[in-house]
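# Summary of structural features
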Amino acid sequence: MKPVPGSGAVLGAFLCMWLAAEPAFSADPLPHRNDLSAQDRAKVSKVLSFPTDFQRAEPFELMQGGAGTSQSRPNRDALSHANANLTFEEQHLFKVGNGLFKKLWASSPSSTQASDGLGPLYNARSCQGCHLKDGRGRPPREGDEAVSLFLRLSIPPQTEDQRQALTQKDILSVPEPTYGGQFQAFAVPGLAGEGRFDIETEEIVVPLNGGETAILQRPVYNIRDLGFGDMHPETLVSPRVAPPMSGLGLIQAIHPGDIEALADPEDLDGDGISGKVSRVRDPQTDDLTIGRFGWKASNPTIRAQTAGAFSGDIGISTPDKPDNYGDCTEAQTACRELPHGEQAKLGPTEAPDPVMELVTFYSENLAVPARRDVEDPEVLRGKQAFYEAGCTSCHQPKFVTSRDANNPAHRFQLIWPYSDFLLHDMGEGLEDGRPVGDASGREWRTPPLWGIGLTETVNNHTRFLHDGRARNLLEAVLWHGGEAQQARDAVVALSPADRQSLLRFLESL
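Throughout what follows, the structure given in this document is the object of discussion. Quick caveat: nothing in here was measured; it's all calculated off a predicted structure.

On the basis of which strands lie adjacent, the open sheet formed by three strands has the order S3-S2-S7 and antiparallel pairing. The sheet terminates laterally at strand S3 (182-183) and strand S7 (236-241), the two strands that pair on one side only.

Here it is as structure tokens:
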């Protein structure tokens, strides 16, 4: 693989020199940044200010993942490279973690004992089964079983204990009593899967300025062939596709005060945007903290997200989620009577440390790809249209990560995720009617946009949003409503040429 000329480490050093050379311009900006000196806070504030000149790219805009940005050729492996600024020893850990990420788990008992523990109910046999090439999942094609799209399940609280647990954030939703929190179509030999579901679509015609027309497809999910009897009559269902993995460690390294400073839950500034922080419990400390991962911002750390995926998606226990039966409920007795994969000689749980640690490290260090065509005049016009339409009210372009981040590779990096990591009301069109923690049925976390333009290159599809309903980037924009309605309408009102420029800008991310 031939890298594009340049060095992430060198450019990272240039960034530090640039920050050191930039003059301060405000008396006391970013007061919450307790990891920075007053001089650094002033310089960072200037770096994070919005551009006024759209005739040229901003300094370091190419390196949207900071010094760790991957400058490898933008091919099908574009989202699978390690952060460029890892040490030699960390690169070794990344490769071992990559192997575990791709590992196919087997039902118990098996001859491959180190891989025992699949299921008994599951959605995929490996992490990569959902996160193919570390990229974005999609709805199943006609005739295929759903793998990288699954259904979340829950019911409204039925008891005072459940209401209290939700209030205390001890749980974020009440699982369906028989089928649990996730609908799993696959099962190990000798056990029925939980069922199947079909997706029908309803078409919505959207006229666009300039005489163009877009046709959206609203998905409707029909669950069938239930393997364990009827579901609770009040069951709430929400489809989710696997999100891309790039830049997760950098998101984790964003100072919490930077996210909190963007929140305006009561819309006190009157701009119609009322993003709010998702508060969840950190399973390592039991403290309430910011949820910044997942479609509903339900997880505070990559390790917590990883443990949840091991348990719910593959049915593998970890030190953080030690139930060897994954999402099998007590009502699914046939599931819980089957052998599991925990073995005394390998340690407690089916994926004990260091397996969990290595997969977490791998997930924390998948590099963000470099931008393409940042100086292209059409891309720059699209960037200006993106700003002028108000998209940046939620898709916050830039952050400088904390100097206190756990991994030196993630510290003090200028990054461009285009997300505020807050919950926003996205309107009736995207409503799933299923509350999770602080997120109502209409609220979703602003997803990062970095790497979105490589979806087709990496995953051979262009399906976007939480359930993959949008068949291209324009449809993804047109599904925006609620707090994003004004920005969405501004895109509809653009001339066809300007709308195409905006899409070119998104494709360059």
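Using the criterion set out here, one finds 33 salt bridges in the structure. For Arg281, the salt bridge goes to Asp170, with nearest N and O atoms at 3.4 Å. Here Arg281 is found in strand S8 (residues 278-281), whereas its partner Asp170 is found in the loop between helix H5 (160-167) and S3, with 111 residues between them in sequence. With its nearest N and O atoms 3.0 Å apart, the salt bridge here joins Glu475 to Arg471. In this structure Glu475 comes out as buried when scored by relative accessible area, which is 5%. What makes Arg471 partly exposed here is its relative accessible area of 29%.

Within a regular strand, the side chains alternate between the two sheet faces. Residues of S8 alternate between two faces, with Ser278 and Val280 buried on one and Arg279 and Arg281 left unburied on the opposite face. In this sheet, strand S9 (residues 288-291) lies alongside S8 in antiparallel orientation, the contact comprising four bridges. Following the sheet pairing, Val280 is matched in S9 by Thr289. Hairpin connection, S8 to S9: the antiparallel pair is bridged by six residues, and Asp286 has positive phi, about 70°.

Residues Phe310, Phe386, Tyr418, Leu478, Leu502 and Leu506 are the most contacted members of the largest nonpolar core, which totals 102 residues. Those residues in contact with Phe386 that sit more than four places away from it in its chain are Cys391, Thr392, His395, Tyr418, Leu449, Leu502, Phe505 and Leu506.

Per the stated rule, a full pass over the model turns up 14 aromatic pairs. Here Phe101 and Tyr362 contribute two aromatic rings whose centre-to-centre distance is 5.0 Å and whose plane-to-plane angle is 45°, an arrangement assigned as tilted. Taken together, the residues Phe101 in helix H3 (residues 88-102) and Tyr362 in helix H10 (residues 355-364) connect sequence positions 261 residues apart. The same class applies to Phe101 as to Tyr362, namely buried.

Our focus in this paragraph is the environment of Gly193. Considering the arrangement of structural elements, one finds Gly193 in the loop between strand S4 (186-187) and strand S5 (196-207). Sequence spacing of Gly193 and Gly249 is 56 residues, and the spatial spacing of their C-alpha atoms is 34 Å. Residues within four places of Gly193 in sequence aside, it is in contact with Leu121, Gln184, Ala185, Phe186, Ala187, Gly227 and Phe228.

Turning our attention to the packing of helix H11 (residues 377-388) against helix H15 (residues 496-507). Close contact between H11 and H15 brings their axes to 7 Å; oriented N to C, the two are set at 100°. It follows that H11 is roughly perpendicular to H15 by the angle criterion. Contacts between H11 and H15 involve Glu378, Val379, Arg381, Gly382, Lys383, Ala385 and Phe386 from the former and Gln500, Ser501, Leu502, Arg504, Phe505 and Leu506 from the latter. By residue class, the composition of the contact of H11 with H15 is six nonpolar, three polar and four charged.

The next subject is the state of the cysteines. As enumerated under the stated definition, the model contains one disulfide in all. Cys130 takes part in no disulfide bond, and the closest cysteine sulfur, belonging to Cys127, lies 8.5 Å away. With relative accessibility at 5%, the residue Cys130 sits in the buried group. Cys394 supplies the cysteine sulfur nearest to Cys391, a cysteine that is in no disulfide, at a spacing of 9.0 Å. Taking the relative accessible area as the measure of exposure, Cys391 reaches 13% and is therefore buried.

Reading the values: the criteria
Residues numbered from 1 in each chain as written. Predicted model: local features only at pLDDT ≥ 70, side-chain atom pairs only at ≥ 80, totals over all residues. Heavy atoms only, no water. Pairing = 2+ DSSP bridges. Helix = DSSP H or I, 4+ residues; strand = E, 2+ residues; numbered from the N terminus. Salt bridge = Lys/Arg side-chain N within 4 Å of Asp/Glu carboxyl O. Buried < 20%, exposed > 50% of the residue type's maximum accessible area, 1.4 Å probe, protein only. Core = buried A, V, L, I, M, F, W, Y, C linked by side-chain atoms within 4.5 Å. Contact = heavy atoms within 4.5 Å. Phe/Tyr/Trp six-rings, centres within 6.5 Å; stacked < 30°, edge-to-face > 60°. Axes fitted to C-alpha atoms, helices over the stretch in contact; angles between N-to-C directions. Parallel < 35°, antiparallel > 145°, perpendicular 65-115°, else oblique. Nonpolar A, V, L, I, M, F, W, Y, C, P; charged D, E, K, R; others polar. Disulfide = S-S within 2.5 Å.

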